[in-house]
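Structural features, examined
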Amino acid sequence: MELVLKVATGPGWLEAVLEDLDGFLIDHASCERKASAMAMSLVAHYPDRRMLVREMIKLAQEELEHFRQVNQLLDARGLMLTHDVKDAYVGGLLKHKRSGREDYFLDRLLIAGIVEARGCERFGMIAEGLPETEADLRAFYRRITDSESRHQGLFLTMAQEYFDDSTIALRLNELLVAEAELIRALPHQPALH
């Protein structure tokens, strides 16, 4: 089974990012911190799922390391972190979460995988779209793209550990349709989502 987004990010998004790369980097740092916190939230909510706990601890550490790396980029550019702003993309996806222990658990895993898939796509666009004068940043975003690809696969693997493929496929398709509608509706801005 594979997680494939139903709609690609348009070129207008990359243009918005390249016009305000500093703003994007600040948002990226925030996203990495939130990703680490989300992984630890899954550990706190599902301590009885041993494989999930092991994998989410590793993921939280990796995301926190990415946060550290992006913060170093901010420092080098004379930028600072800012207060978090609500992420309309993630918030829009979370509105599709169902209640009930197992439904909620599956939805959290699949939504996390979808968010990572979108991040993978967009970080790849940045790695290819940055000017040659930003060679170090291009290399950094290539590495981040590879990480995001692994992460989306991790969440799908976790879902397959706890749910059957037909249940996953049906729900994943529903969430991917909702995600595509959300992507089409959101304005382009210098932010990951």
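A brief look at the structure comes next. All values derive from a computational prediction rather than experimental measurement.

1. A word on the packing of aromatic side chains
The description of an aromatic ring pair uses the distance of the two centres, along with the angle that the planes make with each other. Here the structure, examined in full by the defined rule, presents eight aromatic pairs. An angle of 75° between the planes, with centres 5.1 Å apart, marks the rings of Phe-140 and Tyr-141 as edge-to-face. Given the relative accessible area of 0%, Tyr-141 is considered buried. Aromatic ring contacts, followed pair by pair, group Trp-13, Phe-24, Phe-123, Phe-140 and Tyr-141 into a single cluster. Stacked on the ring of Tyr-162, the Lys or Arg Arg-49 has its end atom at 5.2 Å from the ring centre.

2. Observations concerning the side chain of Thr-9
The topology assignment puts Thr-9 in the segment before helix H1 (11–19). The class of Thr-9 is buried, set by a relative accessible area of 9%. Among the polar contacts made by the side chain of Thr-9, one reaches the side chain of Glu-121 at a distance of 2.6 Å. Engagement of the side chain of Thr-9 in a polar contact is seen with the side chain of Arg-122, the distance being 2.9 Å. Those residues within four positions of Thr-9 in sequence are excluded, and the remaining contacts are Arg-118, Glu-121, Arg-122 and Met-125.

3. Quick word on the nonpolar core
Residues Leu-52, Met-56, Leu-109, Leu-110 and Ile-114 are the most contacted members of the largest nonpolar core, which totals 35 residues. Counting residues per element, the ones that place at least two in this core are helix H2 (21–45), helix H3 (50–76), helix H4 (88–94), helix H5 (101–129), helix H6 (135–162) and helix H7 (165–185). Here this core takes nine residues from H5, the largest share from any one element. Filtering out sequence-adjacent residues up to four positions away, Ile-114 remains in contact with Leu-3, Leu-5, Tyr-89, Leu-93, Leu-172, Leu-175, Leu-176 and Glu-179. Ranked by size, the runner-up nonpolar core spans 23 residues in total, among them Val-17, Phe-24, Leu-74 and Leu-137.

4. Here we look at the environment of Arg-171
By secondary structure assignment, the location of Arg-171 is in helix H7. For Arg-171, a relative accessible area of 10% puts it in the buried group. In this structure, Arg-171 is in contact with His-96, Arg-98, Leu-106, Asp-107 and Leu-110, ignoring residues within four places of it in sequence.

5. Considering the environment of Ala-37
Looking at where Ala-37 falls in the secondary structure, it is placed in helix H2. Overall, Ala-37 belongs to the partly exposed group, its relative accessible area being 42%. When the C-alpha atoms of Ala-37 and Met-56 are compared, they prove to be 10.0 Å apart, with 19 residues separating the residues in sequence.

Rules and cut-offs
Residues numbered from 1 in each chain as written. Predicted model: local features only at pLDDT ≥ 70, side-chain atom pairs only at ≥ 80, totals over all residues. Heavy atoms only, no water. Phe/Tyr/Trp six-rings, centres within 6.5 Å; stacked < 30°, edge-to-face > 60°. Buried < 20%, exposed > 50% of the residue type's maximum accessible area, 1.4 Å probe, protein only. Lys NZ or Arg CZ within 6 Å of the ring centre and 35° of its normal. Helix = DSSP H or I, 4+ residues; strand = E, 2+ residues; numbered from the N terminus. Polar contact = N/O pair within 3.5 Å; in protein donor to acceptor, adjacent residues only side chain to side chain. Contact = heavy atoms within 4.5 Å. Core = buried A, V, L, I, M, F, W, Y, C linked by side-chain atoms within 4.5 Å.

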